[in-house]
Amino acid sequence: MITLVLMVIAMPAFADEPVTLSSASTAAEANLVDIRTLVPDIHEDIKYAGHDNFVGRPVDGYAAPKCLLLKPVAEALARVEHDLRREHARLRIWDCYRPARAVADFVRWAHDLSDQTTKTTHYPNLDKSKLLGDYIAPVSGHSRGATADLTMEQCDAHDRHCKPLDMGTPFDWFGLRANTDNPGVTAEQRANRQRLLRAMAREGFKNYPMEWWHYTLQPEPTPHTMYDVPIR
């Protein structure tokens, strides 16, 4: 754990801007709130708390399948959800705040080139040795509590039978096709990505262009602080 802390503190959040690791030991101390305190029935499918993810097992720091975010970020995401419901649509959340120890777990997995169990599903066109860097970084913006990975679902006129929109790739698909503006997706898939982008942008969320599912509230509440509070 000491090695992890030193590594995280040494890495920058933005160019030329140092990042510090918070001493907070609980979600309350970090001002992290559960999105379900604001939207009790929001659709969650927290991938890293289970086995359906690119690591193939629960990730360090995910003791419960919860979406935690800094309070202003959670409030903004709740507004997105409420806006979408006027269109008989809603969000499906895959990940929110990510403890620093979880990011270190990703890096350890990426270094283990003998483990190829999720290649077919998550990186079929890439050698695992290429994942560190653009796809798996030693420091993640998720650890600052202002980023969420998510998609959009369309429901029927009675707000039932909600189905995810076709976005062209699954979540955590490593490759160019997951780039938000990739020209290789169909017109329908591109339109769905743009619909999600517009819905998130209305409340101040900015997309990471390499991943159509990745959004960060701008400006971030604590842009130079990351957290390592376990999700419980």
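Along every chain, residues carry numbers that run from 1 in the direction the sequence is written. A pLDDT threshold of at least 70 governs which residues receive local features in this predicted model, and a stricter bar of 80 or more applies before side-chain atom pairs are shown or counted, although totals over entire chains, interfaces and linings include all residues. No hydrogens and no water enter the side-chain calculation; it runs on all heavy atoms of the structure.

1. Focus on the side chain of Asn53
Note on conventions: DSSP H or I runs of at least 4 residues are helices, E runs of at least 2 residues are strands, and numbering of each starts at the N terminus. Looking at where Asn53 falls in the secondary structure, it is placed in the loop between β5 (43-44) and β6 (68-70). Think of it in three bands: residues with accessible area under 20% of the maximum for their type are buried, residues over 50% are exposed, and the middle band is partly exposed, with areas taken using a 1.4 Å probe on protein chains only. Exposure remark for Asn53: the relative accessible area of 4% places this residue in the buried category. Under the rule applied, a polar contact is a pair of N or O atoms within 3.5 Å (in protein, one hydrogen donor and one hydrogen acceptor; residues adjacent in sequence only if both atoms are side-chain atoms). A polar contact is formed between the side chain of Asn53 and the backbone oxygen of Lys47, at a distance of 3.0 Å.

2. Considerations on the environment of Pro170
Position of Pro170 relative to the elements: it lies in the loop between β9 (163-164) and α5 (187-201). Distance in space between the C-alpha atoms of Pro170 and Thr180 is 13 Å, their sequence separation being ten residues. Note on definitions: a residue-residue contact is assigned when non-hydrogen atoms from the two residues lie within 4.5 Å. With near-sequence residues (within four places) excluded, Pro170 lies in contact with Trp212 and Trp213.

3. Quick word on the state of the cysteines
The definition used for a disulfide is geometric: two cysteine sulfur atoms within 2.5 Å. Per the counting criterion, the structure on display carries two disulfides. Sulfur-sulfur distance for the disulfide between Cys67 and Cys96 comes to 2.0 Å. On the sign convention where negative is left-handed, the bridge of Cys67 and Cys96, at about -90° about the S-S bond, is left-handed. Of the two residues, Cys67 is situated in the loop between β5 and β6 and Cys96 in the loop between β7 (89-95) and α3 (100-111); the sequence distance between them amounts to 29 residues. Here the two residues Cys67 and Cys96 agree in accessibility, since each one is buried. Covalently, Cys155 is tied to Cys162 through a disulfide, its sulfur atoms 2.0 Å apart.

Scope: geometric values only; no functional claims are made or implied.
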